[in-house]
Amino acid sequence: MTETAAGTDEFIAAFVAAIGSGMPLFADERPDLSPLTQALTRPGTATDVPASDGLEALAFMDAALVAARSYSPSVGQLAEALAALAPRLPWYRRPEPELDGFMPGHANAYVVGPRGIETRPGAEIGVTLMAPGVAYPTHHHPPREMYVALSEGEWFQEDLGWRRPGPGGLVYNPADVTHAMRAGTAPLLAVWGLWH
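Model, not experiment: these values are computed from the prediction.

A. Representation of the pattern of salt bridges in the model. In total, this model carries seven salt bridges according to the counting rule given. Its salt-bridge partner being Asp9, residue Arg120 comes within 2.6 Å of it at the nearest N-O pair. In this pair, Arg120 is assigned in the loop between strand E3 (118–119) and strand E4 (123–130) and Asp9 in helix H1 (residues 8–19), connecting sequence segments 111 residues apart. Look at Arg120 and you get buried, because its relative accessible area is 5%. Classification of Asp9 as partly exposed rests on a relative accessible area of 43%. When the shortest N-O distance is used, the salt bridge between Arg164 and Glu154 registers 3.8 Å.

If you want it as structure tokens, here you go:
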């Protein structure tokens, strides 16, 4: 397939707009996001990765999107673009069965990437949804990462502890830094981008 997946251009534009302003949480200075934004401006190629659903945590998606639409215009625009794509995404769970409540309490999906509905060389974009009270385990990875928070919640980074970016807030994780996140009394919804 050689054409862009329907709706991804709007989603990417809303994601780029949301990260276009503000100082990311945990960053002493604004990181160079040009490799991410440049990769996302390249033409995309639709994949044949099928949609999947049925994960328990997806029951919180509608409430999370309704709340996100009530925040700033940039958060609302990204929430609208996500709402249009969500039914077509290949939702999956990170396999951590030993963590109490984690497996039924979270859902991830790639939008852009080898496991997403589209590929664009140099970048991946995905979505994480977590039920109230659920914590995502500490982890690290070589790509740098930028989250756009679409809800309340807390993010952790090694040596810096837990912080709250607030809806529309940005969270920057350098390469290989240990990080995590957790939902409070409401679902946590976030869009993230990875780049090398």
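B. Representation of the packing of H1 against helix H2 (residues 34–41) in the model. At their nearest, the axes of H1 and H2 sit 11 Å apart, and the two run at 160° to each other. Judged by the angle between their axes, H1 and H2 are roughly antiparallel. For the crossing formed where H1 meets H2, the hand is left-handed. Of H2, the residues touching H1 (which contributes Ile12, Phe15, Val16 and Ile19) are Leu36, Thr37 and Leu40. Taken together, the residues of the contact of H1 with H2 sort by class into six nonpolar, one polar and no charged.

C. Local environment of the pairing of strand E9 (residues 170–173). Burial of the side chains of E9 extends over both faces: Leu170 and Tyr172 are buried on one face and Val171 and Asn173 on the other. Two strands pair when backbone bridges link them, and strand E6 (residues 144–149) and E9 are joined in this way by four bridges, in the antiparallel orientation. Counterpart to Tyr147 in the pairing with E9 is Val171.

D. Representation of the environment of Pro90 in the model. Considering the arrangement of structural elements, one finds Pro90 in the loop between helix H4 (73–85) and strand E2 (106–112). For the pair Pro90 and Gln157, spaced 67 residues apart in the sequence, the C-alpha separation amounts to 28 Å. Discounting residues that sit within four places of it in the chain, Pro90 has contacts with Val49, Pro50, Ala51, Ser52, Asn108, Ala109, Tyr110, Arg115, Gly116 and Ile117.

E. Molecular detail of the side chain of Glu145. Note that Glu145 resides in strand E6. Within the buried set, Glu145 has no salt-bridge partner at all; the shortest N-O distance to an opposite charge, 9.0 Å, is to Arg94. Polar side-chain contacts of Glu145 include one of 3.3 Å to the side chain of His141. Each residue touching Glu145, except ones within four places of it in the same chain, is listed here: Val171, Tyr172, Asn173, His179, Trp192, Gly193, Leu194 and Trp195.

F. Structural context of the nonpolar core. Among the nonpolar cores identified, the biggest contains 46 residues, and Phe11, Phe15, Leu78, Trp91, Leu150 and Leu189 are the most heavily contacted of them. The contacts of Phe15, once residues within four sequence positions are left out, are Leu36, Leu40, Leu78, Ile125, Met146, Val148, Val191, Trp192 and Gly193. Grouped together as the second largest cluster of nonpolar side chains are 19 residues, Leu25, Tyr147, Trp155 and Trp192 included.

G. Molecular detail of the sheet that holds strand E5 (residues 135–139). Taken in spatial order, the four strands make up an open sheet running E5-E10-E7-E8, and their pairing is antiparallel. Looking at the sheet topology across the chains shown, the edges are occupied by E5 and strand E8 (161–163). Sheet twist, expressed as the average angle between the axes of neighbouring strands with direction ignored, equals 15°. Across three bridges, the pairing between strand E7 (residues 154–157) and E8 is antiparallel. Within E8, the residue paired with Gln157 across the bridge is Gly161.

The rules behind these values
Residues numbered from 1 in each chain as written. Predicted model: local features only at pLDDT ≥ 70, side-chain atom pairs only at ≥ 80, totals over all residues. Heavy atoms only, no water. Salt bridge = Lys/Arg side-chain N within 4 Å of Asp/Glu carboxyl O. Helix = DSSP H or I, 4+ residues; strand = E, 2+ residues; numbered from the N terminus. Buried < 20%, exposed > 50% of the residue type's maximum accessible area, 1.4 Å probe, protein only. Axes fitted to C-alpha atoms, helices over the stretch in contact; angles between N-to-C directions. Parallel < 35°, antiparallel > 145°, perpendicular 65-115°, else oblique. Left-handed = near helix turned anticlockwise from the far one by under 90°. Contact = heavy atoms within 4.5 Å. Nonpolar A, V, L, I, M, F, W, Y, C, P; charged D, E, K, R; others polar. Pairing = 2+ DSSP bridges. Lys, Arg positive; Asp, Glu negative; His and termini not counted. Polar contact = N/O pair within 3.5 Å; in protein donor to acceptor, adjacent residues only side chain to side chain. Core = buried A, V, L, I, M, F, W, Y, C linked by side-chain atoms within 4.5 Å.

That's the geometry; what it means functionally is another story.
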